[in-house]
Amino acid sequence: MRTLMKQKLLLQNARVVDPSQKLDAVCDVLCADGLIERVAPDIRACGDMRVIDASGLVLAPGLVDLHTHLRDPGLTQKEDILSGAAAAAAGGVTTLCAMPNTAPACDTPETVRYILDKAKDAPCRVLPVGAITKGLAGKELTDMHALAESGVCAFSDDGVPVATADLMAKALARSAQLSLPVFAHTEDRSLSRGGIVNRGVWSEKLGVGGIPNAAEDVGTARELALLMNAPEGARLHICHVSTAGSAAMLADAKARGLAVTAETCPHYFMFTEDKLALGDADYRMNPPLRTEKDRAAIERAVLDGVIDVIATDHAPHTPEEKADFLTAPNGVIGMETSFSASYTALCLPGKLTLSELISKMSCRPAQILGAGGGTLKPGARADLFLFNPDAWWTVEPARLHGKSKNCVFKGCRLCARIKMTVLAGRIVFQEEN
């Protein structure tokens, strides 16, 4: 990665796609002092502008990833804030949410300040998610007010579900007072305990514990029931949806007007549990890859808007940790592949328009956070990325920018290559020729 700085940056002749303005046209984009100054055809270059000819490329608002694990503090052998941000920038991501399951957990203002201080010079905007319970132990709520004042963007115990309905109800009530969303890992651990893959054909073939669909579905049902009874202003976001049952419950909840949003990850609408035939722990994550019925239902929920957002659940682990299929921790990385994978699976076959995909990966997650981004309107932050919609590439984990290489798309041939990422008017990633 190279970091290049210039007071004014003019990107010319790109196809500019900005769903926030219903814009899809060949235009120039002028960035000045970290902001979008103008989007129009034939902007004249002058003075100290740095000019980039973006002919043949698509320019869009920078991606916003609502769900990542940067492992910092405490687990930096897997990833750290700067390496994770470098991976993000290489994938067109300009804002990410960092989940709190670090060591220590992000459950105090001091840890929030550590993350924000370390991220000051990162090539991506890093927004800490505050823990709901102290130490993610599910026993006592954190000081959510203090965490909000210190700069968290949301609350979650992701990695584990909030242990009891009572605690989750209290968290929704307090988060409503703070106008911040709660990100829910929906899982009933009494049903999933001991499972490492989807319960079904492959758990039986491999002779290992399985995670049933019911574990996620019961968890989703609980959170939706709590939201129905939460104070006005409570906002719930369901993480990494993987089952047909959860998708159906979300569709019903939205039809009834509940303030719920949801995300899934590319692997849940592209792969099934049949990947486990490879015996490779890089295809193990929680929730697990499921059946073709679930894959198709998740894809349909994305296309119908029941699932609002495509995120990554970027979860780095070292090669040593992932070496043994049975004992490896769950999780896969995804920030450098998420856009290309989604474009290949959804846009190329004509299932989603490019504008719809950008909305799900940039505009809509930015709206959920309410922290800026997701638009190229004049006066907005100059966060954007350019990609070549015709360039195919093969995912080689060794060439990825993060520390860990546990990539679920390794070896896949994907379309749409990220060429450049701009953060607040600075070029923070540029593909080397």
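Since the structure is predicted, the reported quantities are computational estimates derived from the model, not experimental observations.

1. Details of the confidence of the model for the protein chain
Point 1. With 98% of its residues at a pLDDT of 70 or more, the protein chain shows a mean pLDDT of 97.
Point 2. Segment residues 1-6: pLDDT under 50, and 21 contacts once partners within four positions in sequence are set aside and those in other chains are kept.

2. Let's talk about the nonpolar core
Point 1. Ranked by size, the top nonpolar core spans 92 residues in total, and within it Leu96, Leu236, Val260, Phe339, Tyr343 and Phe387 carry the most contacts.
Point 2. Of the residues forming this core, the biggest block, six residues, is contributed by helix H12 (residues 338-347).
Point 3. Ignoring anything within four residues of it in the chain, the contact list for Val260 reads Leu224, Leu227, Leu236, Ile238, Leu250, Ala253 and Lys254.

3. Overview of the side chain of Asn286
Point 1. Among the secondary structure elements, Asn286 is positioned in the loop between helix H9 (266-270) and helix H10 (292-304).
Point 2. Since its relative accessible area comes to 19%, Asn286 is described here as buried.
Point 3. Side chain to side chain, Asn286 and Glu187 meet in a polar contact 3.3 Å long.
Point 4. Not counting residues up to four positions away in its chain, the partners in contact with Asn286 are His185, Glu187, Ile211, His240, Tyr268, Asp313 and Asn330.

4. Some words on helix H13 (residues 354-369)
Point 1. The end-to-end C-alpha distance of H13 is 22 Å, a good match for the 22 Å that 16 residues give at a rise of 1.5 Å each.
Point 2. Of all the bends found along H13, the most pronounced is centred on Lys360 and spans about 45°.
Point 3. Among the residues trailing H13, Gly370 stands out with phi positive, at a value near 65°.

Conventions used here
Residues numbered from 1 in each chain as written. Predicted model: local features only at pLDDT ≥ 70, side-chain atom pairs only at ≥ 80, totals over all residues. Heavy atoms only, no water. pLDDT = per-residue confidence, 0-100. Contact = heavy atoms within 4.5 Å. Core = buried A, V, L, I, M, F, W, Y, C linked by side-chain atoms within 4.5 Å. Buried < 20%, exposed > 50% of the residue type's maximum accessible area, 1.4 Å probe, protein only. Helix = DSSP H or I, 4+ residues; strand = E, 2+ residues; numbered from the N terminus. Polar contact = N/O pair within 3.5 Å; in protein donor to acceptor, adjacent residues only side chain to side chain. Expected span 1.5 Å × (residues − 1). Bend = angle between axes of the 7 residues up to and from the residue.

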